[in-house]
Amino acid sequence: MRARGLGGPAAVAAGLDPVATLAPPAMGLWEVLRHLGAIRRQRAALEASLSARPDLLVCVDAPDFHLPVARRARALGLRTLGWVSPQLWAWRPGRKYAVAAAYDTLLCLFDFEPALYAGTGLDAQFVGHPAVDRRVERRPEAGVVAVFPGSRESELSRHLDVFLAATRGYRTVLVAQATPALRARLPGDPRVHVVTPAEAMSRCERALTKSGTVTLELAVNGVPAVVAHRVHPLTYAVGRLLVRGIRFLALPNLLADREVYREFVQHFDAAGLAVALAEAAEPPTAELRERVGPPGVVGRVAAIVRASAAG
(Lines give C-alpha, C1' and ligand atoms only; values in the text may rest on other atoms or scores of the structure.)
Protein backbone atom coordinates (compact mmCIF):
# COMPACT_ATOMS: atom_id res chain seq x y z
CA MET A 1 0.00 0.00 0.00
CA ARG A 2 1.36 3.43 -0.98
CA ALA A 3 0.61 6.56 1.02
CA ARG A 4 0.64 10.15 -0.23
CA GLY A 5 -0.40 13.21 1.71
CA LEU A 6 0.56 15.46 4.63
CA GLY A 7 2.62 14.29 7.58
CA GLY A 8 5.56 14.97 9.84
CA PRO A 9 9.14 13.65 9.64
CA ALA A 10 8.22 10.29 11.20
CA ALA A 11 5.49 9.69 8.60
CA VAL A 12 7.85 10.63 5.75
CA ALA A 13 10.53 8.33 7.16
CA ALA A 14 7.95 5.52 7.20
CA GLY A 15 7.29 6.00 3.48
CA LEU A 16 4.76 8.83 3.14
CA ASP A 17 5.12 10.77 -0.12
CA PRO A 18 4.50 14.39 1.00
CA VAL A 19 2.35 16.66 -1.16
CA ALA A 20 3.50 19.80 0.68
CA THR A 21 5.78 20.95 3.46
CA LEU A 22 3.99 20.63 6.78
CA ALA A 23 3.12 23.98 8.36
CA PRO A 24 4.22 24.64 11.96
CA PRO A 25 1.89 22.88 14.42
CA ALA A 26 -0.69 25.26 15.86
CA MET A 27 -3.54 24.97 18.34
CA GLY A 28 -5.85 27.76 19.41
CA LEU A 29 -7.38 30.73 17.59
CA TRP A 30 -4.43 33.13 17.71
CA GLU A 31 -1.87 30.40 17.00
CA VAL A 32 -3.77 29.24 13.89
CA LEU A 33 -4.25 32.81 12.61
CA ARG A 34 -0.47 33.34 12.68
CA HIS A 35 0.04 30.44 10.26
CA LEU A 36 -3.18 30.76 8.25
CA GLY A 37 -1.47 31.29 4.89
CA ALA A 38 0.68 28.16 5.23
CA ILE A 39 -2.32 26.14 6.42
CA ARG A 40 -4.38 27.20 3.40
CA ARG A 41 -1.56 26.24 1.02
CA GLN A 42 -1.34 22.85 2.71
CA ARG A 43 -5.04 22.19 2.31
CA ALA A 44 -4.97 23.27 -1.34
CA ALA A 45 -2.13 20.82 -2.00
CA LEU A 46 -4.04 18.03 -0.28
CA GLU A 47 -7.21 18.74 -2.27
CA ALA A 48 -5.20 18.81 -5.51
CA SER A 49 -3.81 15.36 -4.71
CA LEU A 50 -7.35 13.96 -4.84
CA SER A 51 -7.15 14.13 -8.63
CA ALA A 52 -5.05 10.94 -8.45
CA ARG A 53 -8.20 9.24 -7.06
CA PRO A 54 -6.72 7.42 -4.06
CA ASP A 55 -8.42 4.28 -2.77
CA LEU A 56 -9.01 5.98 0.58
CA LEU A 57 -8.57 9.40 2.16
CA VAL A 58 -7.45 9.04 5.80
CA CYS A 59 -7.79 12.15 7.98
CA VAL A 60 -6.19 12.13 11.43
CA ASP A 61 -7.68 14.64 13.89
CA ALA A 62 -7.68 18.39 13.00
CA PRO A 63 -11.38 18.51 11.97
CA ASP A 64 -11.42 22.17 10.92
CA PHE A 65 -8.62 21.40 8.47
CA HIS A 66 -9.76 17.99 7.26
CA LEU A 67 -13.55 18.16 7.00
CA PRO A 68 -13.66 20.37 3.88
CA VAL A 69 -11.10 18.12 2.17
CA ALA A 70 -13.06 15.00 3.11
CA ARG A 71 -16.32 16.49 1.82
CA ARG A 72 -14.58 17.29 -1.47
CA ALA A 73 -13.29 13.71 -1.64
CA ARG A 74 -16.77 12.26 -1.12
CA ALA A 75 -18.16 14.56 -3.80
CA LEU A 76 -15.62 12.96 -6.14
CA GLY A 77 -16.86 9.50 -5.15
CA LEU A 78 -13.83 8.63 -2.99
CA ARG A 79 -13.98 6.71 0.28
CA THR A 80 -13.03 8.64 3.43
CA LEU A 81 -12.03 7.67 6.95
CA GLY A 82 -11.46 9.90 9.97
CA TRP A 83 -9.47 8.93 13.02
CA VAL A 84 -10.38 10.90 16.15
CA SER A 85 -13.82 12.36 16.68
CA PRO A 86 -14.14 16.11 17.26
CA GLN A 87 -14.94 16.82 20.90
CA LEU A 88 -18.70 17.05 20.42
CA TRP A 89 -19.13 16.49 24.15
CA ALA A 90 -17.27 19.75 24.85
CA TRP A 91 -18.65 22.16 22.26
CA ARG A 92 -20.73 22.42 19.08
CA PRO A 93 -22.50 19.04 19.26
CA GLY A 94 -24.30 19.92 16.02
CA ARG A 95 -21.03 19.28 14.18
CA LYS A 96 -21.95 15.61 14.11
CA TYR A 97 -23.87 16.18 10.88
CA ALA A 98 -20.87 17.85 9.22
CA VAL A 99 -18.66 14.95 10.33
CA ALA A 100 -21.16 12.42 8.97
CA ALA A 101 -21.25 14.29 5.65
CA ALA A 102 -17.46 14.13 5.40
CA TYR A 103 -16.59 10.56 6.43
CA ASP A 104 -17.75 7.07 5.54
CA THR A 105 -16.09 5.74 8.71
CA LEU A 106 -15.01 7.48 11.92
CA LEU A 107 -12.70 5.81 14.43
CA CYS A 108 -13.25 7.06 17.99
CA LEU A 109 -10.86 7.27 20.91
CA PHE A 110 -13.44 6.92 23.69
CA ASP A 111 -16.18 4.37 24.30
CA PHE A 112 -18.97 6.95 24.66
CA GLU A 113 -18.30 8.73 21.35
CA PRO A 114 -19.97 6.42 18.76
CA ALA A 115 -23.37 6.96 20.42
CA LEU A 116 -23.00 10.72 19.80
CA TYR A 117 -23.46 10.04 16.07
CA ALA A 118 -26.69 8.05 16.40
CA GLY A 119 -29.13 8.89 13.61
CA THR A 120 -26.54 10.40 11.27
CA GLY A 121 -25.80 7.26 9.25
CA LEU A 122 -22.09 7.52 10.03
CA ASP A 123 -20.18 4.29 10.73
CA ALA A 124 -18.59 5.40 14.01
CA GLN A 125 -16.44 2.78 15.74
CA PHE A 126 -14.65 2.75 19.10
CA VAL A 127 -11.02 1.66 18.62
CA GLY A 128 -9.45 2.94 21.85
CA HIS A 129 -6.84 5.55 22.70
CA PRO A 130 -3.18 5.05 21.70
CA ALA A 131 -2.13 6.16 25.19
CA VAL A 132 -2.94 2.66 26.43
CA ASP A 133 -0.06 1.33 24.30
CA ARG A 134 2.47 3.80 25.73
CA ARG A 135 3.05 1.83 28.91
CA VAL A 136 6.35 1.99 30.77
CA GLU A 137 7.85 0.05 33.65
CA ARG A 138 7.53 2.38 36.62
CA ARG A 139 10.69 2.66 38.73
CA PRO A 140 10.17 5.96 40.55
CA GLU A 141 13.24 7.52 42.16
CA ALA A 142 13.12 9.65 45.30
CA GLY A 143 13.49 13.36 44.63
CA VAL A 144 12.95 13.03 40.87
CA VAL A 145 10.26 15.08 39.13
CA ALA A 146 9.33 15.22 35.44
CA VAL A 147 8.06 18.22 33.50
CA PHE A 148 6.14 18.05 30.22
CA PRO A 149 5.91 21.68 29.04
CA GLY A 150 5.00 20.87 25.42
CA SER A 151 6.96 21.09 22.20
CA ARG A 152 5.47 24.06 20.36
CA GLU A 153 7.19 27.42 20.78
CA SER A 154 3.97 28.96 22.12
CA GLU A 155 3.66 26.22 24.76
CA LEU A 156 7.28 26.53 25.85
CA SER A 157 7.05 30.29 26.21
CA ARG A 158 4.07 29.95 28.55
CA HIS A 159 5.01 26.83 30.52
CA LEU A 160 8.72 26.04 30.72
CA ASP A 161 10.04 28.76 33.02
CA VAL A 162 7.21 28.54 35.54
CA PHE A 163 7.35 24.72 35.51
CA LEU A 164 11.09 24.74 36.25
CA ALA A 165 10.61 27.34 39.00
CA ALA A 166 7.94 25.11 40.60
CA THR A 167 10.37 22.16 40.77
CA ARG A 168 13.30 23.88 42.51
CA GLY A 169 12.91 21.70 45.59
CA TYR A 170 13.64 18.45 43.74
CA ARG A 171 16.98 16.68 43.37
CA THR A 172 16.54 15.90 39.69
CA VAL A 173 14.28 17.42 37.04
CA LEU A 174 13.59 15.34 33.92
CA VAL A 175 12.45 17.45 30.97
CA ALA A 176 10.64 15.44 28.30
CA GLN A 177 10.04 16.08 24.58
CA ALA A 178 13.51 17.39 23.74
CA THR A 179 12.91 19.55 20.66
CA PRO A 180 15.59 22.05 19.53
CA ALA A 181 13.35 24.89 20.71
CA LEU A 182 13.13 23.32 24.17
CA ARG A 183 16.89 22.73 24.45
CA ALA A 184 17.57 26.33 23.50
CA ARG A 185 15.41 27.54 26.40
CA LEU A 186 16.85 25.32 29.14
CA PRO A 187 18.96 26.99 31.83
CA GLY A 188 22.42 25.72 32.78
CA ASP A 189 21.08 23.89 35.85
CA PRO A 190 22.89 20.62 36.72
CA ARG A 191 19.64 19.22 38.17
CA VAL A 192 17.90 19.45 34.78
CA HIS A 193 18.25 16.54 32.34
CA VAL A 194 16.61 16.10 28.94
CA VAL A 195 15.17 12.60 28.47
CA THR A 196 12.53 10.82 26.43
CA PRO A 197 8.93 10.97 27.64
CA ALA A 198 9.07 7.23 28.40
CA GLU A 199 12.14 7.61 30.64
CA ALA A 200 10.62 10.60 32.39
CA MET A 201 7.43 8.65 33.18
CA SER A 202 9.41 5.63 34.36
CA ARG A 203 11.78 7.43 36.74
CA CYS A 204 9.79 10.32 38.19
CA GLU A 205 8.05 10.36 41.55
CA ARG A 206 5.55 12.86 40.18
CA ALA A 207 5.09 15.12 37.16
CA LEU A 208 4.06 18.62 36.15
CA THR A 209 2.49 18.73 32.71
CA LYS A 210 0.64 20.82 30.18
CA SER A 211 -2.78 19.60 29.10
CA GLY A 212 -3.26 17.18 26.20
CA THR A 213 -2.73 13.50 25.46
CA VAL A 214 0.29 13.37 27.77
CA THR A 215 -2.04 13.66 30.78
CA LEU A 216 -3.72 10.39 29.79
CA GLU A 217 -0.35 8.71 29.19
CA LEU A 218 0.75 9.73 32.69
CA ALA A 219 -2.51 8.45 34.19
CA VAL A 220 -2.44 5.01 32.51
CA ASN A 221 1.14 4.67 33.81
CA GLY A 222 0.15 5.55 37.36
CA VAL A 223 2.14 8.77 37.67
CA PRO A 224 0.96 11.33 40.26
CA ALA A 225 0.75 14.64 38.40
CA VAL A 226 -0.48 18.22 38.22
CA VAL A 227 -1.82 19.78 35.01
CA ALA A 228 -1.25 23.45 34.15
CA HIS A 229 -2.01 25.04 30.81
CA ARG A 230 -1.94 28.51 29.26
CA VAL A 231 -2.93 29.70 25.80
CA HIS A 232 -2.99 33.10 24.12
CA PRO A 233 -5.50 35.39 25.94
CA LEU A 234 -7.61 35.72 22.77
CA THR A 235 -7.83 31.93 22.42
CA TYR A 236 -8.80 31.63 26.08
CA ALA A 237 -11.49 34.31 25.84
CA VAL A 238 -13.10 32.72 22.79
CA GLY A 239 -12.87 29.27 24.37
CA ARG A 240 -14.70 30.47 27.47
CA LEU A 241 -17.59 31.56 25.23
CA LEU A 242 -17.74 28.38 23.14
CA VAL A 243 -17.09 25.59 25.63
CA ARG A 244 -19.96 25.13 28.07
CA GLY A 245 -20.86 22.47 30.62
CA ILE A 246 -17.35 21.00 30.90
CA ARG A 247 -15.84 20.96 34.39
CA PHE A 248 -12.36 19.75 33.46
CA LEU A 249 -9.62 20.20 30.87
CA ALA A 250 -7.40 17.18 31.56
CA LEU A 251 -8.47 13.95 29.84
CA PRO A 252 -8.14 11.74 32.96
CA ASN A 253 -10.47 14.09 34.83
CA LEU A 254 -12.96 14.12 31.97
CA LEU A 255 -13.01 10.33 31.71
CA ALA A 256 -13.30 9.78 35.46
CA ASP A 257 -15.73 12.72 35.85
CA ARG A 258 -13.82 13.86 38.92
CA GLU A 259 -10.53 15.56 39.74
CA VAL A 260 -7.95 12.80 39.24
CA TYR A 261 -5.28 15.45 38.63
CA ARG A 262 -5.34 18.95 40.09
CA GLU A 263 -5.55 21.30 37.14
CA PHE A 264 -4.74 24.97 36.66
CA VAL A 265 -6.07 26.71 33.55
CA GLN A 266 -4.56 30.03 32.41
CA HIS A 267 -3.89 31.41 35.90
CA PHE A 268 -1.07 29.88 37.99
CA ASP A 269 2.34 30.62 39.47
CA ALA A 270 5.34 28.60 40.59
CA ALA A 271 4.47 28.66 44.29
CA GLY A 272 0.96 27.32 43.76
CA LEU A 273 2.15 24.61 41.38
CA ALA A 274 4.85 23.54 43.84
CA VAL A 275 2.29 23.02 46.61
CA ALA A 276 -0.07 21.09 44.33
CA LEU A 277 2.81 18.95 43.05
CA ALA A 278 3.84 17.97 46.58
CA GLU A 279 0.25 16.89 47.28
CA ALA A 280 -0.30 14.96 44.02
CA ALA A 281 -1.71 11.46 44.53
CA GLU A 282 -1.66 8.35 42.35
CA PRO A 283 -4.40 8.26 39.68
CA PRO A 284 -6.99 5.44 39.37
CA THR A 285 -4.91 3.69 36.73
CA ALA A 286 -6.96 0.49 36.34
CA GLU A 287 -10.20 2.45 35.92
CA LEU A 288 -8.71 4.70 33.25
CA ARG A 289 -7.06 1.84 31.35
CA GLU A 290 -10.45 0.19 31.09
CA ARG A 291 -12.01 3.37 29.69
CA VAL A 292 -9.44 3.73 26.89
CA GLY A 293 -9.73 0.16 25.63
CA PRO A 294 -7.36 -2.79 25.30
CA PRO A 295 -3.80 -2.51 23.93
CA GLY A 296 -3.13 -2.73 20.21
CA VAL A 297 -4.95 0.44 19.13
CA VAL A 298 -2.69 1.32 16.19
CA GLY A 299 -2.85 -2.26 14.91
CA ARG A 300 -6.66 -2.16 14.99
CA VAL A 301 -6.69 1.15 13.13
CA ALA A 302 -4.24 -0.15 10.52
CA ALA A 303 -6.42 -3.22 9.88
CA ILE A 304 -9.53 -1.05 9.38
CA VAL A 305 -7.63 1.29 7.04
CA ARG A 306 -6.39 -1.63 4.92
CA ALA A 307 -9.87 -3.14 4.73
CA SER A 308 -11.43 0.21 3.82
CA ALA A 309 -8.83 0.89 1.12
CA ALA A 310 -9.45 -2.54 -0.36
CA GLY A 311 -13.14 -1.73 -0.67
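Residues numbered from 1 in each chain as written. Predicted model: local features only at pLDDT ≥ 70, side-chain atom pairs only at ≥ 80, totals over all residues. Heavy atoms only, no water.

Right, let's talk about the pairing of strand 5 (residues 105-108) for a bit. Of the two faces of strand 5, the one lined by T105 and L107 and the one lined by L106 and C108 are each fully buried. Examined bridge by bridge, strand 4 (residues 80-83) and strand 5 share 3 bridges and lie parallel to one another. By the bridge assignment for strand 5, L81 is matched with T105. As paired strands, strand 5 and strand 6 (residues 123-126) are joined by 4 bridges and run parallel to one another. Bridged to C108 within strand 6 is F126. (Buried < 20%, exposed > 50% of the residue type's maximum accessible area, 1.4 Å probe, protein only. Helix = DSSP H or I, 4+ residues; strand = E, 2+ residues; numbered from the N terminus. Pairing = 2+ DSSP bridges.)

The next subject is the sheet that holds strand 9 (residues 192-194). Spatial strand order, 9-8-7-10-11-12: 6 strands in an open sheet with parallel pairing. On the outer flanks of this sheet lie strand 9 and strand 12 (262-265), each paired with one strand and no other. Across this sheet, the average inter-strand angle for adjacent strands is 20°, counted without regard to direction. Across 4 bridges, the pairing between strand 7 (residues 144-148) and strand 8 (residues 172-175) is parallel. By the bridge assignment for strand 8, A146 is matched with L174. Here helix 6 (residues 153-166) sits on the sheet and contacts strand 7, strand 8, strand 9, strand 10 (206-209) and strand 11 (225-229); the angle it forms with strand 11, its principal contact strand, is near 140°. Taken strand by strand, helix 12 (residues 270-279) contacts strand 7, strand 10, strand 11 and strand 12, and its axis lies near 145° from that of strand 10. (Axes fitted to C-alpha atoms, helices over the stretch in contact; angles between N-to-C directions. Contact = heavy atoms within 4.5 Å.)

Let's shift gears to the pattern of salt bridges. The final tally for this structure, using the stated rule, is 12 salt bridges. A salt bridge links R74 to D104, with the nearest nitrogen and oxygen atoms 2.9 Å apart. Remark: D104 occurs in the loop between helix 5 (96-102) and strand 5 and R74 occurs in helix 4 (residues 63-75); sequence separation between them is 30 residues. The exposure class assigned to D104 is partly exposed, which follows from its relative accessible area of 29%. Here R258 ties to E287 by a salt bridge, and the two come within 2.8 Å at their closest N and O atoms. Pair noted here: R258 is in the loop between helix 11 (251-256) and strand 12 and E287 is in helix 13 (residues 285-291), with a separation of 29 residues, a long-range link. Accessibility expressed as a relative area gives 38% for R258, which makes it partly exposed. Taken together, the shared-partner salt bridges in this structure form one network comprising E141, E199 and R203. (Salt bridge = Lys/Arg side-chain N within 4 Å of Asp/Glu carboxyl O.)

Okay, empty space enclosed by the protein next. All told, the structure shown has 1 cavity of 30 Å³ or more when counted by the stated rule. There is about 40 Å³ of room inside the largest cavity. Lining the largest cavity are C59, D61, P63, L67, G82, W83, V84, P86 and Y103. (1 Å grid on protein atoms, 1.4 Å probe; cavity = no way out; pocket = protein on both sides within 12 Å on 5 of 7 lines; lining within 4 Å. Points joined across faces, edges and corners; volume = space filled by probe spheres on them.)

Our next topic: the environment of V132. Looking at where V132 falls in the secondary structure, it is placed in the loop between strand 6 and strand 7. Spatially, the C-alpha atom of V132 lies 22 Å from that of V58, the residues being 74 residues apart in sequence. Setting aside its immediate chain neighbours within four residues, V132 contacts R289, V292, G293, P294, P295 and V297.

Even without being glycine, D257 reaches a positive phi, approximately 60°. With respect to the secondary-structure elements, D257 resides in the loop between helix 11 and strand 12. Although it is not a glycine, Q266 adopts a positive phi angle of roughly 75°. Relative to the elements of secondary structure, Q266 occurs in the loop between strand 12 and helix 12.

For the rest of this paragraph, the subject is the state of the cysteines. For the structure shown, the criterion picks out 0 disulfides. The thiol sulfur of C59 is not disulfide-bonded, and the nearest other cysteine sulfur, from C108, lies at 14 Å. Owing to a relative accessible area of 0%, C108 belongs among the buried residues under this scheme. (Disulfide = S-S within 2.5 Å.)

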